[in-house]
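Tertiary structure, described
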Amino acid sequence: MHRVCISSTGLYTPPHVISNAELVDTFNRYAELENTANAAEIAAGTRTAVPSSSVEFIEKASGIQQRYVLEKAGVLDPTRMRPNFTPRPDTDISQMAEIAVLAARDALQRTGKKPADIDGVICAAANMQRAYPAMAIEIQHALGIAGFGFDMNVACSSATFAIDMATNAIKSGAARAVLIVNPEITSPHLAWKDRDCHFIFGDVCTAILLERLTEAPAGVFEILGTRLVTSFSNAIRNNAGFMSRSEDRNPEDRDQLFYQEGRKVFKEVCPMAAAHIGGHLAALDLTPTDVRRFWLHQANLAMNQLIGRKLLGHDATADIAPVILNEFANTASAGSIIAFHRHHADFLKDEIGVICSFGAGYSIGSAVLRRT
Ligand SMILES: CC(C)(COP(=O)(O)OP(=O)(O)OC[C@H]1O[C@@H](n2cnc3c(N)ncnc32)[C@H](O)[C@@H]1OP(=O)(O)O)[C@@H](O)C(=O)NCCC(=O)NCCS
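Read on for an overview of the structure. Bear in mind the structure is a predicted one, so any value in this text is a computation, not a measurement.

Cut-offs and rules
- Residues numbered from 1 in each chain as written.
- Predicted model: local features only at pLDDT ≥ 70, side-chain atom pairs only at ≥ 80, totals over all residues.
- Heavy atoms only, no water.
- Patch = residues over 30% accessible without salt bridge, like charges linked within 9 Å, V, L, I, M, F, W, Y side chains within 5 Å.
- Areas by Shrake-Rupley, 256 points an atom, 1.4 Å probe, with all protein chains shown as cover.
- Salt bridge = Lys/Arg side-chain N within 4 Å of Asp/Glu carboxyl O.
- Helix = DSSP H or I, 4+ residues; strand = E, 2+ residues; numbered from the N terminus.
- Buried < 20%, exposed > 50% of the residue type's maximum accessible area, 1.4 Å probe, protein only.
- Pairing = 2+ DSSP bridges.
- Near = heavy atom within 4 Å.
- Polar contact = N/O pair within 3.5 Å; in protein donor to acceptor, adjacent residues only side chain to side chain.
- Nonpolar A, V, L, I, M, F, W, Y, C, P; charged D, E, K, R; others polar.
- Axes fitted to C-alpha atoms, helices over the stretch in contact; angles between N-to-C directions.
- Parallel < 35°, antiparallel > 145°, perpendicular 65-115°, else oblique.
- Left-handed = near helix turned anticlockwise from the far one by under 90°.
- Contact = heavy atoms within 4.5 Å.
- Expected span 1.5 Å × (residues − 1).
- Phe/Tyr/Trp six-rings, centres within 6.5 Å; stacked < 30°, edge-to-face > 60°.

1. Some words on a nonpolar patch on the surface
- A surface patch of nonpolar side chains, about 230 Å² in accessible area, is lined by F148, F150 and M165.
- Its place among the elements puts F150 in strand β5 (residues 148-152).
- For F150, a relative accessible area of 32% puts it in the partly exposed group.

Right, here's the structure in full:
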């Protein structure tokens, strides 16, 4: 059995920023247009007016201050309220593969590893642009990597579940190194017309390189263990899929986009995530106080603070549980990886850290790391 490490990560940040003020302004202009168009029904009491959104609510309820997106004009057009992407011919690289290649190159150039050193690519994300061929194979082709590639989707836990898959492939000897990419293009599936969630997501792509510890330089992060759990819940859903066309569904139907019961998710997932991390650490003869840093899923600031309190018995500082959702919003599976990418350079030899994701499914994944 080989010992496995994360030897590098990479990040692609989209070119456009939407501030909460811009987002709320667009939403409120959309609400005004809708309410004017439906004024008679609203006055007759047969229709509910669209309520207005507020920057104060968003920042207080979530901690999110802005988000990056691949396309901004369509999102901020109150008569459109979704990004505007141009279809690409099959001869051009797909949007997901394009940003994945950029994040992967960022990860590779930080290590000096070559595509020839890698035996597999996993494209792990909460949404896939198409059914087939797998995005991972397109990315593998674009980077010149031999071996295998496959796509996998475990919603917000896609990246941590992929870390588990890649760890096992390397541990067993099936692969020398595996590249994971998390192209999270969340803006097309976000219900920008729904005040309860229009502020939640942002676009991004992360990349993670895993390899045999013996092949990596000192200062990498050995994976001491990975742990996955799933437990069925309807609280976070998106029903869009290949059956939609035959169900004569309108792509704008509310259930064809992301929807959730946010409060229920909050209440149910926090104790699950804290128990999961505590159990994983205990199985490795570690306690939460042995952990230098928790790189948690980035959906909601209060959620992460509560998980920190449950684990440590006191508030976790930003140094112990770093926050990136203020800048990026919820980036699905990429969130905990951005936190790791941005906040690991100060780790000393032998310090312990935990990456943990939680999201739709429910799905929870963790990786306990030790700096070499
Ligand atoms: C989504 C979330 C930020 C909402 O925060 P919350 O404190 O639970 O807010 P609620 O949904 O209970 O809404 C509270 C009130 O604010 C209102 N409100 C909702 N969105 C608003 C907005 N954009 N602007 C102003 N008011 C808003 C609600 O209508 C509600 O009003 P009411 O009390 O009159 O009914 C929070 O529940 C959350 O982050 N949950 C976890 C989500 C998560 O992790 N999901 C995983 C996704 S992968």
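2. Re the pairing of strand β13 (residues 363-371)
- Buried residues dominate β13, accounting for nine of its nine residues.
- Burial along β13 is two-sided: the residues S363, G365, A367, L369 and R371 and I364, S366, V368 and R370 are all buried.
- The sheet contact formed by strand β8 (residues 221-230) and β13 spans nine bridges and is antiparallel. Across the sheet, T226 pairs through a bridge with A367, a residue of β13.
- The pairing of strand β12 (residues 352-359) with β13 spans eight bridges and is classified as antiparallel. Bridge pairing in β13 links V354 to V368.
- Taking the residues that link successive antiparallel strands as the turn, the β12-β13 hairpin has three residues, and the phi of G361 there is positive, at about 140°.

3. Some points on the site of the ligand
- As a structural note, the neighbourhood of the ligand is formed by 19 residues, with S53, R195, Q260, R263 and N300 the closest of them.
- The side chain of N300 places a nitrogen or oxygen atom 2.7 Å from an oxygen atom of the ligand.
- For the ligand, whose free accessible area comes to 980 Å², the fraction covered by protein is 72%.
- For the shell around the ligand, the elements supplying multiple residues, two or more each, are α3 (55-62) and α7 (262-283).
- It is α7 that provides the largest number of residues to the shell around the ligand, a total of three residues.
- Of the residues assigned to the shell around the ligand, the class counts are nine nonpolar, seven polar and three charged.

4. A closer look at the packing of helix α1 (residues 20-37) against α3
- The N-to-C vectors of α1 and α3 enclose an angle of 125°; their axes lie 9 Å apart at closest approach. Here α3 runs oblique to α1, going by the angle between their axes. Both α1 and α3 take part in a crossing whose hand is right-handed. Here α1 contributes N20, A21 and V24 to the contact with α3, which in turn contributes V55, I58 and E59.
- Residues belonging to the contact of α1 with α3 are distributed by class as follows: four nonpolar, one polar and one charged.

5. Brief notes about α7
- Its 22 residues give α7 an end-to-end C-alpha distance of 31 Å, which sits within 8% of 32 Å, the value for a rise of 1.5 Å per residue.
- Turning to α7, its buried residues are V265, V269, C270, A273, A274, H276, I277, H280 and L281.
- Backbone geometry just downstream of α7 places D285 in the positive-phi region, at approximately 60°.

6. Some words on the packing of aromatic side chains
- Within the structure shown, the criterion is met by 10 aromatic pairs.
- A centroid spacing of 5.1 Å and a plane angle of 55° characterise the contact between Y68 and F328, whose relative ring orientation is tilted. Pair noted here: Y68 is in strand β3 (residues 66-69) and F328 is in helix α9 (residues 325-328), with a separation of 260 residues, a long-range link. There is no split in this pair, since Y68 and F328 are both buried.
- Summarising the aromatic geometry, the rings of F221 and W295 are spaced 6.2 Å apart at their centres and angled 85° between planes, so their arrangement reads as edge-to-face. Placement of the pair is F221 in strand β8 and W295 in strand β11 (residues 291-296), with a sequence separation of 74 residues. Summarising the burial analysis for this pair, F221 and W295 share the class buried.
- Aromatic ring contacts, followed pair by pair, group F221, W295, F340 and F347 into a single cluster.

7. Quick word on the environment of I338
- Among the structural elements, I338 can be located in helix α10 (residues 335-342).
- In sequence terms I338 and T206 are 132 residues apart; their C-alpha atoms lie 6.8 Å from each other.
- When neighbours within four sequence positions are excluded, I338 is seen to be in contact with L11, V204, T206, I324, F328 and T331.

8. Remarks on the environment of T214
- Relative to the assigned elements, T214 resides in the loop between β7 (204-212) and β8.
- By relative accessible area, T214 is classed as exposed at 70%.
- As a C-alpha pair, T214 and C5 span 209 residues in sequence and 9.2 Å in three-dimensional space.

9. Focus: unusual backbone geometry
- Note that the residue after Y132, namely P133, is joined by a cis bond; omega there is -5°.
- You can see P133 is positioned in the loop between β4 (120-124) and α5 (135-143).
- Cis geometry is adopted by the peptide bond preceding Y362, which originates at G361 and carries an omega value of -10°.
- Tracing the backbone shows Y362 in the loop between β12 and β13.

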